[in-house]
Structures are given as C-alpha cells and as structure tokens.
Amino acid sequence: NPSRCIDKRSGVGNPKNLFSSSISLNYSDTFDQIANLVTNLRWLKTAMLTNNFRDPAGGSSHDPGSELGSIFAMFDEVIESSVVGVRKPEPRFYEIACERLGVTPHECVFLDDLGVNLKPAKAMGMTTIKVVDPAVALAELESAVGFALA
C-alpha cells in the first residue's frame, strides 16, 4: 500500500519554497488519477512509502514499462520496505523518507488509508490525513498545503 509524504517548508516570497511533499495512494486508484495528482505536486518534494516484498521471480517494481514502474518514476523518492528492511508503521521507515527528502517531520503531510500507519507519523510531528474517501482526502490535503490541487 503506497503512501506519499508532503513536506510543508516555510519560505519567504517564493511559493515554491513553501511546500515540499508526502501523500498516500492506493493501488486501486487509476493511473490517470495518480498522474494528475503527482503532476500538480511536481514542484514539491515527493516520496512514495510502500510496504512491499521482493518478487521471488526476480521482477522489478521499477520496470519503466510497467504501470507501477511508471508511477514510481513520478516521485522524487520511493521508500520500499523490502529494500530498507523496515515497514510502516515502524518510525524508522518515516525517518528514512524524511532523510531522503531532506526534510523534518514537521514539514510533512502524510496520507494513508490505515490509521495504524498514521499514528507514528503524527507522533513524529507530521500532519496526517486518513484516506477513506479520496475526494475528502484531497480537500484535506489542499487545506494542509494551502493551495488547490485539482
């Protein structure tokens, strides 16, 4: 279940410095929905956090020809549990995402569909959004970052 982190950096006079990034996306979302959202956030730092596993057949989730590989390519960072050796909801997983983006937890918005994954992020200082209804989550995200995403 991939997630994405939005960092809210403060900056003076330059809106591009006001925000960096973190958001939760579900595989059930269509490629077009994901592509549109990520495109609207392209000037922000973004990371996908995913609890995944290694393909025993040796396939790669980063194959640019695959739909998932195309989605992974949209993000600045992809943090995979099978690669880093920890998974959501372990706090270290979120720390790795912040380190790779060069942000602090207080600068992040984290979205996920599971409350258990949101609790450690919130405890670290991230703004969190539970994704139940994507439209509601998008509105909450727009409120958190301070600009329209649609």
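Everything discussed here concerns the structure shown above.
Note on numbering: residues in each chain are counted from 1, in written sequence order. Confidence filtering applies because this is a predicted model: local features only for residues at pLDDT of at least 70, side-chain atom pairs given and counted only at 80 or more, and all residues used for totals across whole chains, interfaces and linings. To get the side-chain values, all heavy atoms of the structure are used, and hydrogens and water are removed first.

Sorry if this is basic, but what is going on with the overall build of the protein chain here?
Note on conventions: DSSP H or I runs of at least 4 residues are helices, E runs of at least 2 residues are strands, and numbering of each starts at the N terminus. Looking only at helices and strands, the protein chain has 6 helices and 5 strands in total. For the protein chain, the N- to C-terminal ordering of α and β elements is β-α-β-α-β-α-α-β-α-β-α. Each residue is placed in one exposure class: buried if its accessible area under a 1.4 Å probe, protein chains only, is under 20% of its type's maximum, exposed if it is over 50%, and partly exposed if it falls in between. In the protein chain, which comprises 150 residues, the proportion classed as buried is 45%. For this analysis, residues touch if any pair of their heavy atoms sits within 4.5 Å. Taking as baseline every contact in the protein chain between residues at least 6 positions apart, the subset at least 24 positions apart corresponds to 58%. Taken as a whole, the protein chain presents about 7400 Å² of accessible surface, with 55% of it coming from carbon and sulfur. For every accessible area listed, the method is Shrake-Rupley and the probe measures 1.4 Å; residues are considered covered only by the protein chains on display.

What exactly am I supposed to notice about helix α5 (residues 115-124) here?
Two residues of an α-helix separated by three or four positions point the same way, owing to the 3.6 residues in each turn. Listed as buried for α5 are Asn117, Leu118, Pro120, Ala121 and Met124. Buried residues in α5, looked at end-on, bunch into an arc of 165°, giving them a common side. Summarising the geometry of α5, the exposed residues directed more than 90 degrees from the buried face are Lys119, Lys122 and Ala123. The inward-facing, buried residues of α5 abut α4 (91-101), β4 (108-112) and β5 (127-130). Positive phi shows up at glycine 125, right after α5, with a value of about 110°. The arc in question is the one traced by the directions running from the helix axis out to the C-beta atoms.

Would you take a moment to explain the pattern of salt bridges for this structure?
It is possible for side chains bearing opposite charge to pair when their charged atoms get close. What makes a salt bridge here is a side-chain nitrogen of Lys or Arg within 4 Å of a carboxyl oxygen of Asp or Glu, nothing more. Within the structure shown, the criterion is met by 3 salt bridges. Between lysine 88 and aspartate 112 there is a salt bridge, with the nearest N and O atoms lying 2.9 Å from each other. Residue lysine 88 is found in the loop between α3 (81-84) and α4, and its partner aspartate 112 is found in strand β4; the two are separated by 24 residues along the sequence. Residue classification places lysine 88 among the buried residues on the basis of a relative accessible area of 3%. What makes aspartate 112 buried here is its relative accessible area of 0%.

Teacher, can you tell me more about the environment of leucine 101 here?
Looking at where leucine 101 falls in the secondary structure, it is placed in helix α4. Given the relative accessible area of 6%, leucine 101 is considered buried. Sequence separation between leucine 101 and aspartate 76 is 25 residues; the distance between their C-alpha atoms is 7.8 Å.

Please clarify how the nonpolar core should be interpreted in this entry.
Looking at soluble globular proteins, one finds that nonpolar side chains tend to be buried together. Here, nonpolar core means buried Ala, Val, Leu, Ile, Met, Phe, Trp, Tyr and Cys residues that are tied together by side-chain atoms lying within 4.5 Å of each other. Counting residues in each nonpolar core, the largest one holds 17 residues, and the members touching the most others are Leu49, Ile79, Tyr94, Phe110 and Met126. Mapped by element, the contributors of at least two residues to this core are β2 (46-50), α4, β4 and α5. Per-element tally for this core: the top contributor is α4, with 6 residues.

Would you take a moment to explain the pairing of β4 for this structure?
Burial runs high along β4: 5 of the 5 residues are buried. Residues Cys108, Phe110 and Asp112 line one face of β4 and the alternating positions Val109 and Leu111 line the opposite face, and both faces are buried. Paired strands, in this sense, are two strands between which DSSP finds at least two bridges. Across 4 bridges, the pairing between β4 and β5 is parallel. Along β5, the bridge assignment pairs leucine 111 with isoleucine 129. Following the chain from β4 across α5 to the adjacent parallel β5, one finds a crossover that is right-handed. Every crossover in which the path from the first strand over the helix to the second runs clockwise, viewed with the strands pointing away from the viewer, is termed right-handed.

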